[in-house]
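What follows is each chain in one-letter form.
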Amino acid sequence: MANITFTMIKPDAVAKGHIGDILKDITDAGFKIKAAKMTQLAKQDAEAFYAIHAERPFFKDLVEFMTSGPIVAAVLEKDNAVADFRTLIGATNPAEAAEGTIRAKYAESIDANAVHGSDSDENAAIEAAFHFAAKEIF
Ligand code: UDP
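Residues numbered from 1 in each chain as written. Predicted model: local features only at pLDDT ≥ 70, side-chain atom pairs only at ≥ 80, totals over all residues.

Q: Would you take a moment to explain the overall build of the protein for this structure?
A: Across its full length, the protein carries seven helices and four strands. For the protein, the succession of helices and strands along the chain, N to C, is β-α-α-β-α-α-β-α-α-β-α. Oriented by its inertia axes, the alpha-carbon framework of the protein measures out at about 35 × 35 × 25 Å. In the protein, of all internal contacts separated by at least 6 residues, the share reaching a separation of at least 24 is 72%. (Helix = DSSP H or I, 4+ residues; strand = E, 2+ residues; numbered from the N terminus. Contact = placed C-beta atoms within 7 Å.)

Below, the structure written as structure tokens:
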């Protein structure tokens with residue numbers, strides 16, 4: 001799945017009505033949407049998705065936040081998808097995110113930071129498979 005990344009529009013951005021704005025920024029930046037759905041994570045889904053952060057002090061709040069409302073999960077395709085998408089979304093903390101990035105425009109805080117983007121090709125494949133069956137990725 002090289003050239004693939006996985007994203008979630010997080011509950012804060014969905015609640016604020018930014019699904020359309022964010023998908024437009026994503027497609028304007030040259031990404032093709034290969035799969036997309038609105039869904040809500042159960043506690044065990046969020047815990048599994050963020051298992052790598054299980055020992056971090058923010059883990060419990062992160063799980064609570066990510067399960068607090070609907071998200072939009074999507075699989076995106078572009079050359080150099082993982083790195084280019086992380087550039088498009090900006091730093092984890094929106095206060096440090098470059099101007100014009102999705103987090104600079106739509107995120108509230110380091111935890112409620114509007115979007116997720118995979119950090120490696122390997123994780124992109126794992127995360128896409130976590131949310132979508134192969135036949136749901138076009
Ligand atoms: N996070 C948080 N507090 C922190 C660091 C991270 O709540 O101090 C949350 C935030 O929602 C972030 C997610 O945990 O997006 C995953 O953290 P990571 O360091 O992997 O950042 P990302 O790859 O999302 O930029």
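Q: So what exactly am I meant to see when it comes to unusual backbone geometry here?
A: Only a minority of non-glycine residues have a phi that is not negative, and only a minority of peptide bonds are not trans. Although it is not a glycine, asparagine 80 sits at a positive phi angle of roughly 55°. Overall, asparagine 80 belongs to the exposed group, with 11 C-beta atoms counted inside 10 Å. Positioned with a positive phi, alanine 114 is a non-glycine residue whose angle comes to about 75°. As for its placement among the helices and strands, alanine 114 is situated in the loop between helix 6 (102-106) and strand 4 (115-117). What makes alanine 114 buried here is the crowd of 27 C-beta atoms within 10 Å. (Buried ≥ 20, exposed ≤ 12 C-beta atoms within 10 Å, placed from the backbone.)

Q: Would you mind going over the UniProt feature "active site" (unreviewed entry) in the protein with me for this structure?
A: According to UniProt, the positions carrying the feature "active site" (unreviewed entry) are His116. The topology assignment puts histidine 116 in strand 4. (UniProt positions renumbered as here; feature names shortened; annotations may be inferred.)

Q: Which parts of the structure should I look at to understand the UniProt feature "domain: Nucleoside diphosphate kinase-like" (unreviewed entry) in the protein?
A: Taken from the UniProt record, the annotation "domain: Nucleoside diphosphate kinase-like" (unreviewed entry) applies to residues 2-138. For the annotated span residues 2-138, helix accounts for 40% and strand for 18% of the residues, and the straight-line distance between the end C-alpha atoms is 15 Å.

Q: Would you take a moment to explain the sheet that holds strand 1 (residues 4-9) for this structure?
A: Two modes of strand pairing occur in sheets, parallel and antiparallel, and in both the strands are linked by backbone hydrogen bonds. A sheet is described by the order of its strands in space; here four strands give the open sequence 2-3-1-4, paired in antiparallel fashion. Sheet topology places strand 2 (32-39) and strand 4 at the edges, where each strand pairs with a single neighbour. Across this sheet, the average inter-strand angle for adjacent strands is 15°, counted without regard to direction. The pairing of strand 1 with strand 3 (residues 71-77) spans six bridges and is classified as antiparallel. Along strand 3, the bridge assignment pairs threonine 7 with alanine 74. (Pairing = 2+ DSSP bridges. Axes fitted to C-alpha atoms, helices over the stretch in contact; angles between N-to-C directions.)

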